[in-house]
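An overview of the molecular structure
Spelled out from the first residue to the last, the chains are:
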Amino acid sequence: MSNWLFYVSPSLLLFVGAMVVILVEAVARPENKQVFRLLSLAVVVVAGLLNVALYAQADKAQEIFYGMLRLDHFGIGFQGVTLLSGFFALLISHEYLEALRIRVGEYYGLVLFGLLGMSLLGQSNDLMMLFISVEVMSISIYILCSIKRSDARRDRKSTRLNSSHLVISYAVFCLKK
């Protein structure tokens, strides 16, 4: 239990990286969004390296945060696959965003938050942690669906997704009680 910081370091790095990207975009607003792409790729690569080190060290399953997360080879492997797919998504998305003339730095922070939710999903050992990880992932995806600000259909699409998300979340929360 003393190495809990090492056990959650890939997820913690994704969170810190996403917050840095979103805060720098909100405060500095650099013209070149390539900075956010490179920072996000670096965060995912370092989180992947930490994940490999964690996989090599994990000889038996461990529960942390009072049993909310279970670190075993399955969860760490799931996190590795998630990080690998996120790396490739970030690698190829820049050209697509440029072709659509979407120049927002928040995209990269939202992708990192989505990766955080997906990586915690495979390590969840508790229903509440499963719910939180699905929420983090789905809210990021819903916002990414409406990130093209000049699209007239995005408001309707975004409202429909968010309202259905709220209804489902409320129903699951009521079932939990």
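Before any of the text, the structure's been laid out above.
Residues numbered from 1 in each chain as written. Predicted model: local features only at pLDDT ≥ 70, side-chain atom pairs only at ≥ 80, totals over all residues. Heavy atoms only, no water.

1. So, the overall build of the protein chain
Check the secondary structure of the protein chain and you find 7 helices and 2 strands. Taken from N to C terminus, the helices and strands of the protein chain fall in the order α-α-α-β-β-α-α-α-α. Within the span of the protein chain, comprising 177 residues, buried residues form 38% of the whole. When the accessible area of the protein chain is evaluated, it comes to approximately 10200 Å², of which 69% is carbon and sulfur surface. (Helix = DSSP H or I, 4+ residues; strand = E, 2+ residues; numbered from the N terminus. Buried < 20%, exposed > 50% of the residue type's maximum accessible area, 1.4 Å probe, protein only. Areas by Shrake-Rupley, 256 points an atom, 1.4 Å probe, with all protein chains shown as cover.)

2. Re the nonpolar core
What tends to happen in soluble globular proteins is that the nonpolar side chains get buried as a cluster. Within the largest apolar cluster, 32 residues are counted, with the highest numbers of intra-cluster contacts made by L14, V44, Y107, Y108 and L112. Secondary structure elements with two or more residues in this core: helix 2 (9-27), helix 3 (34-57), strand 2 (69-71), helix 4 (73-99) and helix 5 (106-121). It is helix 5 that provides the largest number of residues to this core, a total of 9 residues. Sequence-distant contacts of V44, that is, excluding residues within four places in its chain, are made with L14, L83, F87, L90, L112 and L115. (Core = buried A, V, L, I, M, F, W, Y, C linked by side-chain atoms within 4.5 Å. Contact = heavy atoms within 4.5 Å.)

3. A closer look at a nonpolar patch on the surface
Among the surface-exposed residues, W4, L5, L12, F15, V16, M19, V20, L23, V24, L39 and F65 lie close enough to one another that they form a single nonpolar patch of about 890 Å² accessible area. Mapped by element, the contributors of at least two residues to the nonpolar patch are helix 1 (4-7) and helix 2. The greatest single-element share of the nonpolar patch, amounting to 7 residues, is contributed by helix 2. Positionally, F65 belongs in the loop between strand 1 (62-64) and strand 2. (Patch = residues over 30% accessible without salt bridge, like charges linked within 9 Å, V, L, I, M, F, W, Y side chains within 5 Å. Salt bridge = Lys/Arg side-chain N within 4 Å of Asp/Glu carboxyl O.)

4. What to know about empty space enclosed by the protein
Taken as a whole, this structure holds 1 cavity of 30 Å³ or more when the rule is applied. Taken as a whole, the largest cavity spans an internal volume of roughly 50 Å³. Around the largest cavity, the lining residues are K33, H94, L97, E98, I102, R103, V104 and Y108. No other element matches the 3 residues that helix 4 contributes to the lining of the largest cavity. (1 Å grid on protein atoms, 1.4 Å probe; cavity = no way out; pocket = protein on both sides within 12 Å on 5 of 7 lines; lining within 4 Å. Points joined across faces, edges and corners; volume = space filled by probe spheres on them.)

5. Things to note about the packing of helix 4 against helix 5
Two numbers describe how helix 4 lies on helix 5: the axes approach to 9 Å, and their chain directions differ by 160°. As judged from the angle between their axes, helix 4 and helix 5 are roughly antiparallel. You can see that helix 4 and helix 5 cross each other, and the crossing is right-handed. Contact residues: F78, Q79, T82, G86, L90, S93, H94 and L97 in helix 4; Y107, Y108, V111, L115, M118, S119 and L121 in helix 5. Partitioning the contact of helix 4 with helix 5 into residue classes produces 9 nonpolar, 6 polar and no charged. (Axes fitted to C-alpha atoms, helices over the stretch in contact; angles between N-to-C directions. Parallel < 35°, antiparallel > 145°, perpendicular 65-115°, else oblique. Left-handed = near helix turned anticlockwise from the far one by under 90°. Nonpolar A, V, L, I, M, F, W, Y, C, P; charged D, E, K, R; others polar.)

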